[in-house]
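Read off the chains here:
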Amino acid sequence: MAGARARSRATLIGFGAVLLWALLALFTVGSAPVPPFQLNAICFAIGGALGLIWIAATGGGLGFVRAVPWPVWALGVGGLFGYHALYFAALRLAPPAQAGLIAYLWPLLIVLFSGLLPGETLRRGHVLGAILAFAGAALIVARGAGAADPGALPGYALAFLCALTWSGYSVLSRRAGGVPTQAVALFCLAAAGLSLIVHLAVEDTVWPVAPIGWAAMAGLGAGPVGLAFYLWDIGVKRGDIQLLGTASYAAPLLSTLVLIAAGIAAPHPALIAAAILIAGGAALAARAARA
């Protein structure tokens, strides 16, 4: 019973990351005109610094660093940096709506890949719930998208690699369950360094032109590109990863609602259908998890 409660608590903590990612689009819009990799470097630096403060406050120290094997370093840094690098490149080479839809295959892939993990069983309810929730996400991301452009195929391919990267990072993190979540702070700092190198190589440095831009950039680093990674690490390592993967489809719905509330997007009937599909998919996955 205690183990089940701990698992449920970790799953709930992991869903906190999904709630923070719902603010990603709003803060990204507010941080304009900062270029992507510069923004990436700054946000990862903030997220890593917050992690170091957490480590210092808990008195844990950095002694665990010596016990982290190099494959876990490659997984952590590659997952955080690789996902964002591929995502930004995909949206530059392909229409954002379609590329975003392909990139948002990662929750579905998490549910499917998690069946390969030791001690996990992939049930029919997980698969049906993931597909149903994906249909809801598709209504939001693909609404208003134009006809497919063959010239955008490289961007679509990068978007699919993006989905593979984050789903692979999330599922393989389960195998690295013995590595403390504090290591995410160092992964963030390493990702910040890589992002800075890419920024200096391919971008011009541009800073926000108004206080709201600085606030949005700080919000990104503190939440969607900061705290969210620590919460997600706890969720995928100790929680119900299949339920968490399906529940992640709430992110595009919540993100859209946030943009509507901020006056950046207009309400649309598709939101109602999307909400039903996402809630139904999560309910199916939750029922399969309880089984």
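Data block above holds the structure.
Nothing here was measured: the structure is a model prediction, and the numbers come from that model.

> It is not clear to me how the overall build of the protein chain should be interpreted in this structure. Could you clarify?
Across its full length, the protein chain holds 13 helices and zero strands. Reading the protein chain from its N terminus to its C terminus gives the helix and strand order α-α-α-α-α-α-α-α-α-α-α-α-α. For the protein chain, whose C-alpha radius of gyration is 19 Å, the value lies close to the compact-globule estimate of 19 Å for 291 residues. For the protein chain, the spread of C-alpha atoms along the principal axes amounts to about 55 × 50 × 35 Å. Buried residues in the protein chain amount to 48% of all 291 residues. Sequence separation of at least 24 residues holds for 90% of the intrachain contacts in the protein chain that already meet a minimum separation of 6. Here the protein chain has roughly 13100 Å² of accessible surface; of this, 73% comes from carbon and sulfur atoms. Each charge class in the protein chain can be summarised by its mean position, and for the 14 positive and 6 negative side chains these summaries are 17 Å apart.

> Got a minute to help me understand the pattern of salt bridges in this structure?
Pairs can form between side chains of opposite charge whenever their charged atoms are close. Applying the stated criterion across every chain yields a total of two salt bridges. Between Arg-7 and Asp-240 there is a salt bridge; the shortest N-O distance is 3.9 Å. With Arg-7 in helix H1 (residues 2-21) and Asp-240 in the loop between helix H10 (211-238) and helix H11 (241-247), this pair connects stretches of sequence that are 233 residues apart. We classify Arg-7 as partly exposed; its relative accessible area is 30%. Two residues, Lys-237 and Asp-233, come together in a salt bridge whose shortest N-O distance is 3.1 Å. Of this pair, Lys-237 and Asp-233 both sit in helix H10, four residues apart, which is roughly one turn of that helix.

> Looking at this model, I keep getting lost on H10. Mind explaining?
Owing to its 3.6 residues per turn, the α-helix aligns residues three or four sequence positions apart on the same side. Over its 28 residues, H10 extends 39 Å from the first C-alpha to the last, a length consistent with the 40 Å expected when each residue adds 1.5 Å. The largest bend along H10 reaches roughly 40° and is located at Leu-220, with the proline Pro-224 sitting one to four residues downstream.

> Before we go on, may I ask you to explain a nonpolar patch on the surface in this structure?
The grouping of Leu-52, Leu-62 and Leu-189 at the surface amounts to a nonpolar patch, some 220 Å² of accessible area in total. Note on placement: Leu-52 falls in helix H3 (residues 36-58). By relative accessible area, Leu-52 is classed as partly exposed at 34%.

> Can you walk me through the environment of Trp-166 in this structure?
Among the secondary structure elements, Trp-166 is positioned in helix H8 (residues 153-175). For the pair Trp-166 and Ala-103, spaced 63 residues apart in the sequence, the C-alpha separation amounts to 9.2 Å. Among residues more than four places away in sequence, those in contact with Trp-166 are Trp-21, Gly-79, Leu-80, Tyr-83, Trp-106, Phe-229 and Trp-232.

> What is the right way to look at unusual backbone geometry in this model?
Backbone geometry follows two general trends: most residues other than glycine have a negative phi, and most peptide bonds adopt the trans configuration. In the segment running from Ala-32 into Pro-33, the intervening peptide bond is cis, with an omega of 10°. By the secondary structure assignment, Pro-33 is in the loop between helix H2 (24-30) and H3.

> For this particular structure, what's the right way to read the packing of aromatic side chains?
Using the criterion set out here, one finds twelve aromatic pairs in the structure. Here the aromatic rings of Trp-54 and Tyr-230 are separated by 5.9 Å at their centres, their planes lie at 80°, and the arrangement is edge-to-face. Here Trp-54 is found in helix H3, whereas its partner Tyr-230 is found in helix H10, with 176 residues between them in sequence. For the ring pair Trp-166 and Phe-229, a centre distance of 6.0 Å and an interplane angle of 50° mean the geometry is tilted. A residue pair is termed long-range when its members are at least 10 positions apart, and Trp-166 in helix H8 and Phe-229 in helix H10 qualify at 63 residues.

> I'm lost on the packing of helix H4 (residues 70-93) against H8 in this one. Help?
Between two packed helices, both the angle of their axes relative to each other and the distance between the axes serve to describe the pair. At a minimum axis separation of 8 Å, H4 and H8 run at an interaxial angle of 160°. Between H4 and H8, the angle falls in the class roughly antiparallel. Considering the relative orientation of H4 and H8, their crossing is left-handed. Facing Leu-75, Gly-76, Gly-78, Gly-79, Leu-80, Gly-82, Tyr-83, Leu-86, Tyr-87, Ala-89, Ala-90 and Leu-93 of H4, the residues of H8 in contact are Gly-155, Leu-158, Ala-159, Leu-161, Cys-162, Thr-165, Trp-166, Gly-168, Tyr-169, Leu-172 and Ser-173. Within the contact of H4 with H8, the residues separate by chemical class into 15 nonpolar, eight polar and no charged.

> Please explain the state of the cysteines as it appears in this structure.
Put plainly, a disulfide is one covalent bond tying together the sulfur atoms of two cysteines. Scanning the entire structure with this criterion turns up zero disulfides. For the unlinked cysteine Cys-162, the closest cysteine sulfur is that of Cys-43, found at 16 Å. According to the relative accessible area criterion, Cys-162 is buried, its value standing at 0%.

Definitions and cut-offs
Residues numbered from 1 in each chain as written. Predicted model: local features only at pLDDT ≥ 70, side-chain atom pairs only at ≥ 80, totals over all residues. Heavy atoms only, no water. Helix = DSSP H or I, 4+ residues; strand = E, 2+ residues; numbered from the N terminus. Rg over C-alpha atoms; globule rule 2.2 N^0.38 Å. Buried < 20%, exposed > 50% of the residue type's maximum accessible area, 1.4 Å probe, protein only. Contact = heavy atoms within 4.5 Å. Areas by Shrake-Rupley, 256 points an atom, 1.4 Å probe, with all protein chains shown as cover. Lys, Arg positive; Asp, Glu negative; His and termini not counted. Charge placed at Lys NZ, Arg CZ, Asp CG, Glu CD. Salt bridge = Lys/Arg side-chain N within 4 Å of Asp/Glu carboxyl O. Expected span 1.5 Å × (residues − 1). Bend = angle between axes of the 7 residues up to and from the residue. Patch = residues over 30% accessible without salt bridge, like charges linked within 9 Å, V, L, I, M, F, W, Y side chains within 5 Å. Phe/Tyr/Trp six-rings, centres within 6.5 Å; stacked < 30°, edge-to-face > 60°. Axes fitted to C-alpha atoms, helices over the stretch in contact; angles between N-to-C directions. Parallel < 35°, antiparallel > 145°, perpendicular 65-115°, else oblique. Left-handed = near helix turned anticlockwise from the far one by under 90°. Nonpolar A, V, L, I, M, F, W, Y, C, P; charged D, E, K, R; others polar. Disulfide = S-S within 2.5 Å.

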